[in-house]
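Reading the structure
Residue strings, one per chain:
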Amino acid sequence: MAKISHFECSRCHSSFSIEIPPTVCAKCAGSLYVRYDLSPFHGRTSRDDIARISSARSWTGMWRYGSVIPEVPPVSLGEGWTPIIRSRRYAGAFLKEEGANPTGSFKARGMAMAVTMARAYGIKKLAAPSAGNAAGALAAYAAAAGVEAHIFMPKDVPFANYLEAKMYGASVTLVDGLISDCGRMLAERKEKQGWFDISTLKEPFRVEGKKTMGYELVEQLGWEYPEAVFYPTGGGVGLIGMWKAFAEMEELGWVKPGKRPRMIAVQSTGCAPVVRAFERHEQVSEMWKDAATFASGLRVPKPYGDYIMLEILRESNGLAIAVPEEAILASLRDWAKNEGVLLCPEGAAATAAYAHLLESGVLQPEDRAVLFNTGAGLKYSDVIAEVAGIQRPRTTA
Ligand SMILES: Cc1ncc(COP(=O)(O)O)c(C=O)c1O
Ligand SMILES: [Zn+2]
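We now turn to the structure provided with this report.

1. Examining the site of ligand 1
In the neighbourhood of ligand 1, 18 residues make up the surrounding shell, with Tyr231, Gly234, Gly235, Gly236 and Thr374 lying closest. One of the backbone nitrogen or oxygen atoms of Gly236 is found 2.6 Å away from an oxygen atom of ligand 1. Within the complex, the protein chains bury 98% of what would otherwise be the 400 Å² of accessible surface of ligand 1. Those elements that provide at least two residues to the shell around ligand 1 are β10 (228-232) and α8 (237-252).

2. Things to note about the pattern of salt bridges
Following the criterion strictly, the structure yields 22 salt bridges and no others. With a shortest N-O distance of 3.5 Å, Arg47 and Asp48 are connected by a salt bridge. By relative accessible area, Asp48 is classed as partly exposed at 43%. Measuring nitrogen to oxygen at the nearest pair gives 2.6 Å for the salt bridge that ties Glu248 to Lys244. In this pair, Glu248 and Lys244 are both assigned in helix α8, four residues apart and thus about one turn of the helix distant. A relative accessible area of 5% means that Lys244 is categorised as buried.

3. Considering the environment of Pro204
Take Pro204: it is sitting in the loop between β9 (196-197) and α6 (205-210). Here Pro204 falls in the buried class, since its relative accessible area comes to 1%. With residues near it in sequence (within four places) discarded, Pro204 still touches Phe7, Pro22, Thr23, Leu32, Tyr33 and Val34.

4. Considering the packing of helix α11 (residues 325-339) against helix α12 (residues 345-359)
Between two packed helices, both the angle of their axes relative to each other and the distance between the axes serve to describe the pair. Two numbers describe how α11 lies on α12: the axes approach to 8 Å, and their chain directions differ by 95°. Our classification of the angle between α11 and α12 gives roughly perpendicular. Where α11 approaches α12, its residues Ala327, Ile328, Ser331, Leu332 and Trp335 are matched on the opposing element by Pro345, Ala348, Ala349, Thr351 and Ala352. By residue class, the composition of the contact of α11 with α12 is eight nonpolar, two polar and no charged.

5. Focus on the sheet that holds β10
Sheet architecture is open: six strands sit in the order β4-β5-β13-β10-β11-β12, paired in mixed fashion. Only two strands of the sheet have a single partner each, and these edge strands are β4 (84-86) and β12 (319-323). Each neighbouring strand pair of the sheet contributes to a mean axis angle of 25°, computed without reference to strand direction. This element, α8, spans β10, β11 (262-268) and β13 (369-373) of the sheet and lies at about 150° to β10.

6. A short note on the packing of helix α2 (residues 107-120) against helix α3 (residues 133-145)
Where α2 meets α3, the axes come as close as 9 Å, and the angle between the chain directions of the two elements is 40°. Between α2 and α3, the crossing angle belongs to the class labelled oblique. At the point where α2 passes α3, the crossing takes the right-handed sense. For the pair α2 and α3, contact is made by Lys107, Ala108, Met111, Ala112, Val115 and Arg119 and by Asn133, Ala134, Ala137, Leu138, Tyr141, Ala142 and Ala145, respectively. Partitioned by chemical class, the residues of the contact of α2 with α3 number 10 nonpolar, one polar and two charged.

7. Notes on the packing of aromatic side chains
The final tally for this structure, using the stated rule, is 13 aromatic pairs. Taking 5.7 Å as the distance between ring centres and 75° as the angle between the ring planes, the aromatic pair formed by Trp223 and Trp254 counts as edge-to-face. You can see Trp223 sitting in the loop between α7 (212-220) and β10 and its partner Trp254 sitting in the loop between α8 and β11, a full 31 residues away along the chain. Summarising the burial analysis for this pair, Trp223 and Trp254 share the class buried. An angle of 75° between the planes, with centres 6.2 Å apart, marks the rings of Trp243 and Phe246 as edge-to-face.

The rules we used
Residues numbered from 1 in each chain as written. Chains lettered and ligands numbered in written order. Predicted model: local features only at pLDDT ≥ 70, side-chain atom pairs only at ≥ 80, totals over all residues. Heavy atoms only, no water. Near = heavy atom within 4 Å. Polar contact = N/O pair within 3.5 Å; in protein donor to acceptor, adjacent residues only side chain to side chain. Areas by Shrake-Rupley, 256 points an atom, 1.4 Å probe, with all protein chains shown as cover. Helix = DSSP H or I, 4+ residues; strand = E, 2+ residues; numbered from the N terminus. Salt bridge = Lys/Arg side-chain N within 4 Å of Asp/Glu carboxyl O. Buried < 20%, exposed > 50% of the residue type's maximum accessible area, 1.4 Å probe, protein only. Contact = heavy atoms within 4.5 Å. Axes fitted to C-alpha atoms, helices over the stretch in contact; angles between N-to-C directions. Parallel < 35°, antiparallel > 145°, perpendicular 65-115°, else oblique. Nonpolar A, V, L, I, M, F, W, Y, C, P; charged D, E, K, R; others polar. Pairing = 2+ DSSP bridges. Left-handed = near helix turned anticlockwise from the far one by under 90°. Phe/Tyr/Trp six-rings, centres within 6.5 Å; stacked < 30°, edge-to-face > 60°.

Laid out in structure tokens, this is it:
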């Protein structure tokens, strides 16, 4: 397994020791990356060992990438190694089904890793603001690890997110505002309460958990990059994590360098700070006013790691696309009816963006594209029922 060598700032590249629990860069407040000595794991043999070692065990999930994640006993509920499903209609499209994770979303990966590391550092009280799914995941892993979870989330999150956080025993504060307001409330209280802040990109291990999506999709495609990756983007942890995974895989010699996928950040026209900054060629985003979308995970008006995402989008020759709410709903209906998959609204934003890029000729049908369904549609039953106008009939047969 990999030994962490140090933490490195994503902005000013300062190095920090691993002795104390990492937060953000002490010099410039940039997000930190975990750096390892990867030299023992170079080459194809080490890559091929992953499947061999994994199949000899009953279950490994995302922990199959032991050689590139911290060497610490995991707090696991069965996260990762999710199915990659070929579309029935689009020759090149593969759906990465993250709804199969514990707590029904990809947030499980980041929280499994962050809680694992928090436990290893001896931290007992964790806190996070959340658009919804991160709250459920944090609450579940905190329960499994026997530590406290303090959660702040908008009062109108999907009901499932509130329900799960309560059932897992977290302390939940519902806020009349957005995730940015939740983050502010948390920041005001954390010192006095002794909470460790595991907000998006304010500690480096959620990225380490989510980077496993990058390893998985490449391994599942036969250790080859697809042409494009469609990622419904809020705080951007997955996008940043996958790009880190690609860099590590190249350093390890597990994939050929030079042909990384185009990273496509997908947002809703109701909240598209990254798209606006990308289109204006800016280095950072501006706070999006009156953010509103039924894809609640995309309701992040000013992501902390915007500068990292924008750099990745440019470096990958990628794109940032905002999808109208009606197109998200139409794609959700379309994939349910024609593919048998009830996407989460965020995933449906990704599939809608994919259809748009096919129509406009930016991508060809045979180009391999991985579309992230970041959560299970069933977590949104109240939200989808409302936007799709579905009610239980009053009369029965
Ligand atoms: C289902 C779903 N998809 C996408 C996102 C956005 O994820 P990220 O913050 O990694 O950009 C979220 C965040 O809450 C989410 O819950
Ligand atoms: Zn820095």
